[in-house]
Amino acid sequence: MATEGGYESVLCVKQDVNVYKIPPRASNRGYRASDWKLEQPDWTGRLRITARAKVAYIKLEDKASGELFAQAPVGEFPGIAVETVSDSSRYFVIRIQDGNGRSAFIGIGFNDRGDAFDFNVSLQDHFKWVKQENEISKESQNKDAGPKLDLGFKAGQTITLNIGQTKRRDGKPRPQGSVGFGLLPPPPGGKIALPSSTESPNHVPELAALNNAPQVAAEDTAGTGALVRIEGQMNGAKYREVLEENLLPSARKLKLVRKFTFQHDNDPKHTAKATLEWLRNKKVNVLEWPSQSPDLNPIENWWHDLKIAVHQRSPRNLTEHEQFCKEEWSNIAKSMCANLAETYPNRLTAVIAYKGTSTKY
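This one's a predicted model, so the numbers in the text were calculated from it and none came from an experiment. (Residues numbered from 1 in each chain as written. Predicted model: local features only at pLDDT ≥ 70, side-chain atom pairs only at ≥ 80, totals over all residues. Heavy atoms only, no water.)

1. Some details on the environment of Lys128
Okay, so step 1: Among the structural elements, Lys128 can be located in helix 1 (residues 113-145).
Okay, so step 2: Note: C-alpha distance between Lys128 and Arg313 (185 residues apart in sequence) is 9.9 Å.
Okay, so step 3: Apart from the residues within four sequence positions on either side, Lys128 is in contact with His311, Gln312 and Ser314.
Okay, so step 4: There is a polar contact of 2.6 Å between the side chain of Lys128 and the side chain of Ser314. (Helix = DSSP H or I, 4+ residues; strand = E, 2+ residues; numbered from the N terminus. Contact = heavy atoms within 4.5 Å. Polar contact = N/O pair within 3.5 Å; in protein donor to acceptor, adjacent residues only side chain to side chain.)

Next comes the structure, spelled out in structure tokens:
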């Protein structure tokens, strides 16, 4: 991180970003990317996030020449300088400023959800560092304001040092030149053993593994259902066990009774004969799912926001990681669930129009 006003460090670079003119926010519901002309971006280029001292700068630049198109200084995050939209995890509203202090709000979007995650986390990490620097500075000021500790010698004080031979515990004199304390020998092979990932895992790999670690969730406009951690390898039997213990209890918790449609994709565990039979026996209405449909599931938006929220809390081990995941999952607002559910018809229309390829969602 930059610690001096004249030094600028680069926090993140993304080669593809789209810029949109956005309509004024009509209400307190927040910005919605569906209100923008997403198929017709007003500008396309490169995004760089830099930092000078404690301020971050979002810079939009031409890919070929590097010429600056617009810049958004960010003094705090989250804040007014960078806002998320309510219906997608890949779009943001930023406040750009010119050299005269005039400002305007524009929309930016990424084609890849991973790029949006990197953008968000880069700002989070920078302002986490800013917070730590402020705390260190505050502690230093408090120490300076306290009483001074005088460690100098007073008149008449003496100190005695015994530099003669010392005896070992067996009574024999210690050889001259030996040190009064010993250093531990290195481990075999001369290598220092690092803690295993289960003892002190770094929070970044933990969060990156969120999509790899089997997780099952239930969501609805009434709120979020259960978030379950799966031990070991997920298979058909374990999947049915998760459904047995969580699907209908989640529906009852959300007061859905039988008025819900269950959605999962065509993974072999989901389409296994035993799974289909279990769903029929429980009279669960299952949404018909096409074989190629990467853009239809709104749960990807929840995963994105969950990863960012957990990353911001910096879990120190797997126990904290699971705890934070469940806490942040339960904190997802019902209004967000409703906003994503409202976009479902548009998702269906878009995936048909794009013939199964990537859409704005």
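2. What to know about the packing of aromatic side chains
Okay, so step 1: This structure, assessed with the given rule, holds eight aromatic pairs.
Okay, so step 2: Measuring from ring centre to ring centre gives 6.1 Å for Trp36 and Tyr91, while their planes differ by 85°; the resulting arrangement is edge-to-face. With Trp36 in the loop between strand 1 (8-20) and strand 2 (43-52) and Tyr91 in strand 6 (residues 91-97), the pair connects residues that are 55 residues apart, well separated along the chain. For the pair Trp36 and Tyr91, one class covers both residues: buried.
Okay, so step 3: Through successive ring pairs, a cluster of aromatic residues spans Tyr20, Trp36 and Tyr91.
Okay, so step 4: Here Lys307 stacks its cationic end above the ring of Phe117, 4.7 Å away from the centre of that ring.
Okay, so step 5: Across the ring face of Phe324, the terminal group of Arg313 is positioned such that the distance to the ring centre comes to 3.9 Å. (Phe/Tyr/Trp six-rings, centres within 6.5 Å; stacked < 30°, edge-to-face > 60°. Buried < 20%, exposed > 50% of the residue type's maximum accessible area, 1.4 Å probe, protein only. Lys NZ or Arg CZ within 6 Å of the ring centre and 35° of its normal.)

3. Here's the deal with the nonpolar core
Okay, so step 1: Counting residues in hydrophobic clusters, the biggest one holds 27 residues, and the most contacted among them are Leu60, Val82, Ile108 and Phe119.
Okay, so step 2: Breaking this core down by element, the ones donating at least two residues are strand 1, strand 2, strand 3 (55-61), strand 4 (68-74), strand 6, strand 7 (103-109) and helix 1.
Okay, so step 3: Here this core takes six residues from helix 1, the largest share from any one element.
Okay, so step 4: Here Leu60 is in contact with Val17, Val19, Trp43, Arg46, Leu47, Glu67, Leu68, Phe69, Ala70, Ile94, Ile106 and Ile108, once residues within four sequence places are set aside.
Okay, so step 5: Formed by 16 residues, the second largest nonpolar core is a distinct cluster that contains Val228, Val242, Leu248 and Leu279. (Core = buried A, V, L, I, M, F, W, Y, C linked by side-chain atoms within 4.5 Å.)

4. Examining the pairing of strand 1
Okay, so step 1: Taken together, the nine bridges between strand 1 and strand 2 define a ladder with antiparallel strand orientation. From the neighbouring strand, Ser9 faces strand 2, where its bridge partner is Ala51.
Okay, so step 2: Pairing of strand 1 with strand 7, which is carried by three bridges, proceeds in the antiparallel orientation. In the strand pairing of strand 7, Tyr20 is matched with Gly107. (Pairing = 2+ DSSP bridges.)

5. Overview of the pattern of salt bridges
Okay, so step 1: What the rule picks out here adds up to 16 salt bridges.
Okay, so step 2: Arg46 is the salt-bridge partner of Glu61, the closest N and O atoms lying 2.8 Å from each other. With Glu61 in strand 3 and Arg46 in strand 2, the pair connects residues that are 15 residues apart, well separated along the chain. Arg46 shares its class with Glu61; the two are buried.
Okay, so step 3: A salt bridge links Lys282 to Glu244, with the shortest nitrogen-to-oxygen separation between them at 3.7 Å. (Salt bridge = Lys/Arg side-chain N within 4 Å of Asp/Glu carboxyl O.)

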